[in-house]
Amino acid sequence: MYKYAESLIIDTNIYHSVFIVKYLIRNNIMEHKTALILEGGAMRGLYSAGVLDIFMKNNINVNVIYGVSAGALFGLNYKSRQIGRAIRYNLKYAHEKNYMGLYSLITTGDVMNRDFCFNKLVYELDKLDFETYKNNPVEFYAVVTNLKTGKPEYIKIDDADKDLEYFRASGSMPFVSKPVEINGNLYLDGAVADAVPIKKVLEKNYEKIIVVLTRPLGLNRKRKSHLPYKFFYRKFPKFVETANNSCSRYNATMDLIEKYESENKIIVLRPSELIKMQRVEKDTNKLQAIYNLGVSDCLKKLDKIKEYLNVKAKSF
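Heads up: these notes are all about the structure in this document. Keep in mind the model is a prediction, meaning the values are calculated, not measured.

1. Notes on the pattern of salt bridges
No. 1: Tallied over the entire structure, the rule returns 11 salt bridges.
No. 2: The salt bridge partner of E165 is R114, with a shortest N-O separation of 3.4 Å. In this pair, E165 sits in helix 9 (residues 164–170) while R114 sits in helix 7 (residues 114–125), placing the two residues 51 residues apart along the sequence.
No. 3: Given a relative accessible area of 23%, E165 falls into the partly exposed group.
No. 4: Note on R114: relative accessible area 47%, which makes it partly exposed.
No. 5: Here E261 ties to R270 by a salt bridge, and the two come within 3.1 Å at their closest N and O atoms.

This is the structure we're talking about:
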């Protein structure tokens, strides 16, 4: 491990990368293999951004991340070690018509503007630290939904610069986004097929699991009409079936998470109060509020998280 760390120092002169290496050496990695799951939820995902900033400030380290939709888009800042980046650019560009919203949807067919979000923003306006992301040994999986199969795919992204399209696919909400084509496959929002991939993580036998949700306890999904999916995505019947079963699947997932949480086998962070938000929220006060809630909720549980990460794991 030390030889690997030393090679990282030699291979890069970027400050953040050196910081990561020093941190890994100082802490000798984690005692247990730890997985972090980040739910989506559009701009509710800024709750997770607040949690992750507290994680970084307090050296809460994990080995692998599964990010879904906004959980992937905001969660990548944990791997690139950029504290405050997610809330910063969302506040700054909330009213920029070319960021996301109705104007982008009308002019490009995507509510989340591809050129602005995945070109100008990450390379010019508020640069993503691709080098640190790449050198950070934390594994990152973005969850996407395959339109043809209707199944989730868990894409391991080691190089965010090369595979940025998978992040875009993971956050491409149905009805307001065009399918993202990658290597001949069409993808949309990972939350359609697996909004909170706890079962996938359990299959991997990680010793420790932290789940960050963006809905308060008990606020499950309500069943909606099946007709919109049948009409818009009639060429993809398996995707339609998956989408129309997403409500019951999500609620069953919440039941499973609550069970493991009650047995102290996993740590769950979720909003302690309801802040009503639009999916594409423009009110900067609400954006700041949901981020602040993530910060305060995480601080309240910080001692419990540290204790959980340093005690012997319970078997699932």
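2. Here we look at unusual backbone geometry
No. 1: At R81, a position not held by glycine, the phi torsion is positive, near 60°.
No. 2: Here R81 shows up in the loop between helix 4 (70–79) and helix 5 (85–92).
No. 3: Positive phi is not limited to glycine here, since N264 has a value of about 60°.

3. Remarks on the packing of helix 3 (residues 46–57) against helix 15 (residues 284–309)
No. 1: Remark: helix 3 packs on helix 15, axes separated minimally by 7 Å, with the N-to-C direction vectors making an angle of 45°. Compared by their axis directions, helix 3 and helix 15 come out oblique. For helix 3 against helix 15, the interelement crossing comes out right-handed. Mapping the contact onto sequence places L46, Y47, A49, G50, V51, D53, I54 and F55 in helix 3 and L287, I290, Y291, L293, G294, V295, D297, C298, L299, L302 and I305 in helix 15.

4. Describing the side chain of N136
No. 1: Tracing the backbone shows N136 in the loop between helix 8 (130–135) and strand 3 (139–146).
No. 2: A polar atom in the side chain of N136 sits 3.1 Å from the backbone nitrogen of V138.

5. Thoughts on the environment of G171
No. 1: Looking at where G171 falls in the secondary structure, it is placed in the loop between helix 9 and strand 5 (180–182).
No. 2: The spatial distance from the C-alpha of G171 to the C-alpha of G190 is 7.1 Å, given a sequence separation of 19 residues.
No. 3: Residue contacts for G171: discarding those within four places in its chain leaves S69, L73 and M112.

The rules behind each value
- Residue positions within a chain follow its written sequence, with the count starting from 1.
- Local features in this predicted model are restricted to residues of pLDDT 70 or higher, and side-chain atom pairs are both shown and tallied only at a pLDDT of 80 or more, whereas totals for entire chains, interfaces and linings draw on every residue.
- Only hydrogens and water are set aside; all other atoms, that is, all heavy atoms of the structure, feed into the side-chain values.
- For salt bridges, the criterion is a side-chain nitrogen of Lys or Arg within 4 Å of an Asp or Glu carboxyl oxygen.
- In this description a helix means any DSSP run of H or I spanning at least four residues, a strand means any run of E spanning at least two, and both kinds are numbered starting from the N terminus.
- The buried label goes to any residue with under 20% of its type's maximum accessible area, the exposed label to any with over 50%, and the partly exposed label to all in between, with areas taken from a 1.4 Å probe on protein chains only.
- Axis definition: a line fit to C-alpha positions, over the contact stretch in the case of helices; interaxial angles, taken between N-to-C directions, run 0 to 180 degrees.
- We call two directions roughly parallel when the angle between them is under 35 degrees, roughly antiparallel when it is over 145, roughly perpendicular when it lies between 65 and 115, and oblique otherwise.
- Two helices crossing with the near one rotated counterclockwise from the far one by less than a right angle form a left-handed crossing, whereas a clockwise rotation gives a right-handed crossing.
- Here, two residues are considered to be in contact whenever any of their heavy atoms come within 4.5 Å of each other.
- N or O atoms within 3.5 Å of each other form a polar contact, as long as, within protein, one can give a hydrogen and the other can take it, and as long as residues adjacent in sequence are counted only when both atoms are side-chain atoms.

Without other data, these values stay purely geometric and don't point to any function.
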